[in-house]
Amino acid sequence: MGILYKTLNAVRAGAGCAFSLLLAPQYCISCGKESPYLPLCAGCREELKAFLKESIEAKDTRCKRCGRSLISEKKICIECRETDTIAHLDGVFPLYPYVLWKKKLLFLWKIRGVRSLSPFFASLVYSVWKTHYPGIPLVPVPPRPGKIFREGRDQIDELSRCVRGLYGLPVLKVLKRISSQQQKKLNRAERLARTEKRYVLKTGRFLPQSFRNAPPEAAVLLDDIITTGATLEICAELLKKAGVKRVYAITLFSC
């Protein structure tokens, strides 16, 4: 059964990748120019990379807790000053704000399954990791139970495979999600109240041997978007209870 399951996932993954390449948007969602294999043309991809490079090199322009851009001289944004959602995270680095055509970009990758975007996102994650978190293992936020079996992929699982395969980044899959309820169906209060019931640390043979022997000093959570921060916060708390001293996070977007 295990071999059949892995074979089925491999077939689904290969077919999904080929299918998305064939049916990928023919025009850039940002500027409208022809872009046969990605929904972003080469020029717009370079603009995103340039924006990220400036953001990586800039100092004191992001909230020390959630990583969002600051609009005042204070080091903590207004939302983080008014709430205590983030307490266990030691820092978050969102690559881009979730605005304008970037919303469609995430939709195409996450919902429509345009898998050709995964290597591009992996290159962006790597550029942040090598500057801010070199040597620290990535811990992907796990998918809903059965998602990979049903759909053939999970976008964060795929992204973590890309950064490991293309750039050799260390990846530790030590977390497990035990609830299948989708976050988008919950309001802010419900997310905060129910998040702690949705994730656990793996146990026994499902927990990587290296983590069982000696948890790393630090870890970097990997997710697609930060909204309330509730998901990243409970994952950080679980890691710290397991012995990880510092927990950071990289997300593609922030609301």
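Owing to the predicted nature of the structure, the values given are computational and were not obtained by experimental measurement. (Residues numbered from 1 in each chain as written. Predicted model: local features only at pLDDT ≥ 70, side-chain atom pairs only at ≥ 80, totals over all residues. Heavy atoms only, no water.)

## Concerning the packing of aromatic side chains
Then comes step 1: Inspection of every chain in the model, using the stated rule, returns 9 aromatic pairs.
Then comes step 2: Considering the side-chain rings of Y126 and Y167, the 4.5 Å spacing of their centres and the 10° angle between planes classify their relative orientation as stacked. Note that Y126 is positioned in helix α5 (residues 117–132) and Y167 in helix α7 (residues 155–167), a separation of 41 residues in sequence.
Then comes step 3: Classification of Y126 as partly exposed rests on a relative accessible area of 24%.
Then comes step 4: Lying across the ring of F93, R62 places its NZ or CZ 3.9 Å from the centre.
Then comes step 5: Here the basic side chain of K102 rests over the ring of W101, its NZ or CZ set 4.7 Å away from the ring centre. (Phe/Tyr/Trp six-rings, centres within 6.5 Å; stacked < 30°, edge-to-face > 60°. Helix = DSSP H or I, 4+ residues; strand = E, 2+ residues; numbered from the N terminus. Buried < 20%, exposed > 50% of the residue type's maximum accessible area, 1.4 Å probe, protein only. Lys NZ or Arg CZ within 6 Å of the ring centre and 35° of its normal.)

## Describing the nonpolar core
Then comes step 1: Formed by 42 residues in total, the largest nonpolar core has its most connected members in L95, F121, Y133 and I250.
Then comes step 2: Elements with a minimum of two residues in this core: α2 (42–57), β1 (92–97), α4 (101–110), α5, α7, β5 (218–226) and β6 (246–254).
Then comes step 3: Element by element, the count of residues in this core is highest for α5, at 8 residues.
Then comes step 4: The next biggest cluster of nonpolar side chains, apart from the first, holds 29 residues, and it includes L89, C235, L238 and V247. (Core = buried A, V, L, I, M, F, W, Y, C linked by side-chain atoms within 4.5 Å.)

## Comments concerning empty space enclosed by the protein
Then comes step 1: According to the stated counting rule, one finds 1 cavity of 30 Å³ or more in the structure shown.
Then comes step 2: There is about 70 Å³ of room inside the largest cavity.
Then comes step 3: C80, T83, T85, I86 and T228 are, among the 11 residues lining the largest cavity, the residues nearest its centre. (1 Å grid on protein atoms, 1.4 Å probe; cavity = no way out; pocket = protein on both sides within 12 Å on 5 of 7 lines; lining within 4 Å. Points joined across faces, edges and corners; volume = space filled by probe spheres on them.)

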